[in-house]
Number of protein chains: 6
Amino acid sequence: MTSFSRPSGRSADQLRDVRIERAFTCHAEGSVLVSFGNTRVLCTASIENRVPGFLRGKGEGWVTAEYGMLPRATHTRTDREAARGKQGGRTLEIQRLIGRSLRACVDRNALGERTITLDCDVLQADGGTRTAAITGAYVALVDAVNTLMARKELKRNPIIGAVAAVSVGVYRGTPVLDLDYAEDSDCDTDMNVVMNDGGGFIELQGTAEGHAFRRDELNELLALAEKGIGELLAAQQAALGA
Amino acid sequence: MTSFSRPSGRSADQLRDVRIERAFTCHAEGSVLVSFGNTRVLCTASIENRVPGFLRGKGEGWVTAEYGMLPRATHTRTDREAARGKQGGRTLEIQRLIGRSLRACVDRNALGERTITLDCDVLQADGGTRTAAITGAYVALVDAVNTLMARKELKRNPIIGAVAAVSVGVYRGTPVLDLDYAEDSDCDTDMNVVMNDGGGFIELQGTAEGHAFRRDELNELLALAEKGIGELLAAQQAALGA
Amino acid sequence: MTSFSRPSGRSADQLRDVRIERAFTCHAEGSVLVSFGNTRVLCTASIENRVPGFLRGKGEGWVTAEYGMLPRATHTRTDREAARGKQGGRTLEIQRLIGRSLRACVDRNALGERTITLDCDVLQADGGTRTAAITGAYVALVDAVNTLMARKELKRNPIIGAVAAVSVGVYRGTPVLDLDYAEDSDCDTDMNVVMNDGGGFIELQGTAEGHAFRRDELNELLALAEKGIGELLAAQQAALGA
Amino acid sequence: MTSFSRPSGRSADQLRDVRIERAFTCHAEGSVLVSFGNTRVLCTASIENRVPGFLRGKGEGWVTAEYGMLPRATHTRTDREAARGKQGGRTLEIQRLIGRSLRACVDRNALGERTITLDCDVLQADGGTRTAAITGAYVALVDAVNTLMARKELKRNPIIGAVAAVSVGVYRGTPVLDLDYAEDSDCDTDMNVVMNDGGGFIELQGTAEGHAFRRDELNELLALAEKGIGELLAAQQAALGA
Amino acid sequence: MTSFSRPSGRSADQLRDVRIERAFTCHAEGSVLVSFGNTRVLCTASIENRVPGFLRGKGEGWVTAEYGMLPRATHTRTDREAARGKQGGRTLEIQRLIGRSLRACVDRNALGERTITLDCDVLQADGGTRTAAITGAYVALVDAVNTLMARKELKRNPIIGAVAAVSVGVYRGTPVLDLDYAEDSDCDTDMNVVMNDGGGFIELQGTAEGHAFRRDELNELLALAEKGIGELLAAQQAALGA
Amino acid sequence: MTSFSRPSGRSADQLRDVRIERAFTCHAEGSVLVSFGNTRVLCTASIENRVPGFLRGKGEGWVTAEYGMLPRATHTRTDREAARGKQGGRTLEIQRLIGRSLRACVDRNALGERTITLDCDVLQADGGTRTAAITGAYVALVDAVNTLMARKELKRNPIIGAVAAVSVGVYRGTPVLDLDYAEDSDCDTDMNVVMNDGGGFIELQGTAEGHAFRRDELNELLALAEKGIGELLAAQQAALGA
């Protein structure tokens, strides 16, 4: 294992540089540009005073997400989903994941009959766009909720915890934290892990098209994820404290 | 925990009755009706002598899946996706999962430039349709490959293992195996686990919209899944041996 | 004509084996698996307490149908309509036919402001799927109406007759009853006939892409259809009496 | 029956005024404005030197049809199908009928690898648009074929007969010919009949949502249709002879 | 410039023959067939007693337009937009232009909560379909409004001016009026001009994919447009006075 | 005019602050973030070695554009076009305009059989997004072409001029340059002007839903546009020289 090295030169348990810029655009109630190295995702939180049909009249709020990738966020140009006339399966899967993850830290009764939509648009992709999106969207969500609190529209704060996400995977036999594109495309096993600040798992999505992973590998991967998410939760708090 | 009971009366680590009927319909190269209790999914495997564009000319095969639900497979009628003009996010997510899972047990070079499509159509839904689909589709896949072997179209058998799937979740505080609809709709945490016959994990999809699960709960859930998948792998072999 | 023989060995005026299994699935108010030989169609009837916009507030009910074919119900795999993003012309034509046929045996005022949707999904196709669908959907419809009657939700029974359907055609110069796929694909003239138990014609759809049929051939075809439909009406009653 | 009268004052076996104007527009190889009373349909025939995929390389041609209705061809405005993003079931059903009907009078081998598309667009609707469309499209088709003959592109004439169509129905108890909108919307039984000049039936589409028709009524309706189609075939020849 | 000649033999500032036939079809409140030479567009105006959501309850009316081209209005057949499942960019652009142009001559408060939809369907295309459509749609709009006035449904006439449109362009170095197809397809610069009867500009859409036009060319083009539109406004009045 | 003032405090002929940042993202051959005040558009240029069907084999290249708006680029959230399943008319109109404008400065023979796609995605909108997009896309296009030149893939430079765009309009009676959102939404007349560095007009799109503009107003507006575009062309050159 002495010869092991990651394309980026990072150590196995090292995150990429994380940056969280708040108020990146001016109209949204929350607007965060999150960077995990070269992966950059613009996350906006928009408040609307209505809820989907299935919640109408129940006094509960809703938190949902949409995900998109600019056509040239990627190495080669990807077709624009709006032009193709539909969102692909990967997009829908990711935006469902982001929505579920963020709902896990919200008391929807405290939110009242409002919808907060988290739009996560990838400006530049280098692996891990969904985990960056969740991590950044949390900050945008808190900013949007704080807007409502400042306007005295809420009786109590509906944010009941923090949520962050990171990917882990087995790269050339070694479990590593926060895969970039070079690693991701050369890696049979990867897992996206979403956790809250109580150390609980919100989402766990592991995939092994090539090499099936054993229980001990799983344990190593989860330990890496716990470490990384701890650092991401700290970065979120630092950004919010700024 | 003495008072704990499942709606079905099963013990916590007990699967529903599993049935695997081969040759359920006559045209497909593999056709399996799989039942996990009241969940019934028709899985057909269709062989075509062509591959998607990205594989053309590489000598490799492809295995893919499509998933559907008959409109009245469910308690109340669901809109027909063909009439609505698109497949929903849940459908796309499930069929991508089935496809990845089955590809994990196939040597695509041995398959040659062929596509095997696994159509998994839910005739009756009572929870766990995606895990039943994977478990049944594996048998249909083997039948389709055996058709090719019998026709001497393949030099070696491309099936390199067996794959089965089951759900686990925390129901009223207790980890249980193979959730039915009554449990699934009253359960904050559930996980779909896909494993191979070497004890490796192929896919792990855990979700906790309500209660985030701790590491020890995760371990209990995985242990239940391992037990259940062992029994499902045996049921597949029994069906194939028949 | 001594040398005439049908691929199946049936006589010219002989139906295929007809089976009508009620309660094939458990959620729908009516659920029938109908088989005309190897053609097998699952017909479910679903009751909803609302009507389409154009009937709202008129005190009348509605009966409608949707039709689908599982991708591998056919000899070679057919694209899934949900994946292609629209229902084809053939599908729409058939489901409109089924809907009109079933409405012909229902007193929509007696039904009240309810919709009964008949979903006819072909599990296995061997010719005559639309006629099998109509014949089976009638039984599912009666079961659904009986559910409403048993719940005392209706003042009087809205079923005002029985409806069944069969195909006829000229196969190699001879008029025959109930074409299977081998005959259908080798036959220039075919007609789908829907009749009620009073001997009246509900729908008549004759097509002659190749050989135009003469008045006397039409008469022979109608006589065959009348015979076949008599037997199908009897099979429906037998199934319902069970 | 002495008191019987049609809204238009026509006798029971009387067609509306039929007009067939050739060369109505200038670009198409055949362009016919056909009027059945106030129903006016523009039928153009377009020749293209290619065939659909399933015919490529077989030396055979194809004849197909598309049907449309201008939004305000009707009493109240109908949504534009192009704006709604799909053709409705009625449209698809009608254009399939027109295509099959016209193919019945063409020797596709004589046509060679060409497609003739018949676009039938309703400028003004007053009942019977599909039968007017078939009747007019035949003339446009002949004009297009004559263009090819004049250019010496065909060895022999692929037109092997004439085709015309008319509707019949039971209006207030009396079988009548060529229903207009006032009759059509007040009539339980109607049938569209397509015949060739040899007296053969090409298509027969009878529908009885209200009153099921008996065999003797069917016979009366067919007799009316035969009479009307005779007159329409004569009108076509007169127009072509002009 | 002595050698300059237009394909049609017209002088540089000469319109094609303009014809405006009212009441071309019978159902619409306004129905005009407008011809600019061989370009023929059917413009119907339909009144509906409702407005789009964003205007509901404001006491204002709406005027909007839809545009279509019959598949064989053009030299070679164009795909039917309804069959392709969407309206193209050119179509949407043109119908937005027609709608804005007509709204410029309507007092929407005087119209009350009604929508007038102008359907402009090109029967035959030879260049300038959008300008012919605007010019014809104005007459259809006036006819529809006069219908409302005659029914005493309006307190005052909402028509506050007249609107007409024409194209101009630089053809082989010479500015010309009212381009036909032969000129349009051989011309780098063209401009569509919409004006009212007060000499004001409503819309100006100039495009120069090839040769960018200079300020003096622009002035010449606008002078030609003013002349042409004067004649078109006169033709509209003549038609309405008829 | 003493009392006239713009919401932003700018003088009538003053542009907003213009910023042009090159290499804003890392994958595209050209990537420019252009700001006209608070309007910010990310313009990427992507090179692909293929051309659309209608140009194949002609040795010519193609330049095209796509336009999008992030859902919360605007004051209130706009539906995502990818989720709605189609691009709106405004979007299509704008991307067609951008494409035509950029093609006007490219020698497509010199480009060879390549397509350059300009994706213009609005991150933040405050009026004038299409003019900012054109101005920024020009710089991205030059960067992409320079990439090809540096790789020695082109014999000569296909860029044959510079192109920039600005809006002008009549705001409360006064012609002003470069409308921001506050002006745009309170302004009856506005015009988008695209010019090249030779002083020629490429596109002119003037719209007057409210007050029709007179010839002298048009002249004033064009003079303002010429001034503004001169400054924008200088800003482009400064950015490219950096």
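Here the structure is a predicted model, which is why all the values come from computation and not from measurement. (Residues numbered from 1 in each chain as written. Chains lettered and ligands numbered in written order. Predicted model: local features only at pLDDT ≥ 70, side-chain atom pairs only at ≥ 80, totals over all residues. Heavy atoms only, no water.)

A.B. asks: Go over the interface of chain F and chain A with me, naming the residues and quoting the values.
C.D. replies: For an interface, size is often stated in terms of accessible area lost upon the parts coming together. Contact residues are listed per partner, giving 37 residues for chain F and 37 residues for chain A. Roughly 2900 Å² of surface becomes buried between chain F and chain A when both sides are summed, with 51% attributable to carbon and sulfur atoms. When the buried area of chain F at its contact with chain A is split by residue, F:His27, F:Arg72 and F:Arg77 rank highest and sum to 26% of it. Our enumeration of links across chain F and chain A arrives at twelve salt bridges. (Contact = heavy atoms within 4.5 Å. Buried area = accessible area lost by both parts, 1.4 Å probe. Salt bridge = Lys/Arg side-chain N within 4 Å of Asp/Glu carboxyl O.)

A.B. asks: Can you break down the UniProt feature "binding site: phosphate" (unreviewed entry) in chain A residue by residue, with the values?
C.D. replies: Residues and elements named next belong to chain A. Mapped onto this numbering, the UniProt entry gives "binding site: phosphate" (unreviewed entry) at Arg90, Gly128, Thr129 and Arg130. A compact arrangement is adopted by the annotated residues: their sequence extent is 41 residues, whereas the largest C-alpha distance between any two is 13.2 Å. Following the sequence through the fold, Arg90 ends up in helix H2 (residues 89-103). We classify Arg90 as partly exposed; its relative accessible area is 31%. Tracing the backbone through its elements, the reader meets Gly128 in the loop between strand S5 (115-124) and helix H4 (129-150). (UniProt positions renumbered as here; feature names shortened; annotations may be inferred. Helix = DSSP H or I, 4+ residues; strand = E, 2+ residues; numbered from the N terminus. Buried < 20%, exposed > 50% of the residue type's maximum accessible area, 1.4 Å probe, protein only.)

A.B. asks: Lay out the sheet that holds strand S6 (residues 163-171) of chain D with the relevant residues and their values.
C.D. replies: Spatially, the eight strands line up as an open sheet ordered S7(C)-S6(C)-S8(C)-S9(C)-S9(D)-S8(D)-S6(D)-S7(D), and their pairing is antiparallel. Only two strands of the sheet have a single partner each, and these edge strands are strand S7 (174-177) of chain C together with strand S7 (174-177) of chain D. Along the sheet, successive strands turn relative to each other by an average axial angle of 15°, direction set aside. Relative to strand S8 (residues 189-196) of chain D, S6(D) is paired through eight bridges, and the arrangement is antiparallel. Within S8(D), the position partnered with D:Ala165 by the bridge is D:Val194. The strands touched by helix H4 (residues 129-150) of chain C are strand S6 (163-171), strand S8 (189-196) and strand S9 (201-208) of chain C; relative to S6(C), the strand with the most contacts, the crossing angle is about 165°. (Pairing = 2+ DSSP bridges. Axes fitted to C-alpha atoms, helices over the stretch in contact; angles between N-to-C directions.)

A.B. asks: Pulling in residues and values, what's your account of the packing of helix H6 (residues 215-241) of chain C against helix H6 (residues 215-241) of chain D?
C.D. replies: Taken N-terminus to C-terminus, the directions of H6(C) and H6(D) make an angle of 155°; their axes are 13 Å apart at the nearest point. The angle between H6(C) and H6(D) places the two elements in the roughly antiparallel class. As for the relative orientation of H6(C) and H6(D), their crossing is right-handed in sense. Side by side, H6(C) and H6(D) meet where C:Arg215, C:Leu218, C:Asn219, C:Leu222, C:Ala223 and C:Glu226 of the first sit next to D:Arg215, D:Leu218, D:Asn219, D:Leu222, D:Ala223 and D:Glu226 of the second. Each residue belonging to the contact of H6(C) with H6(D) can be placed in one class, and the counts come to six nonpolar, two polar and four charged. (Parallel < 35°, antiparallel > 145°, perpendicular 65-115°, else oblique. Left-handed = near helix turned anticlockwise from the far one by under 90°. Nonpolar A, V, L, I, M, F, W, Y, C, P; charged D, E, K, R; others polar.)

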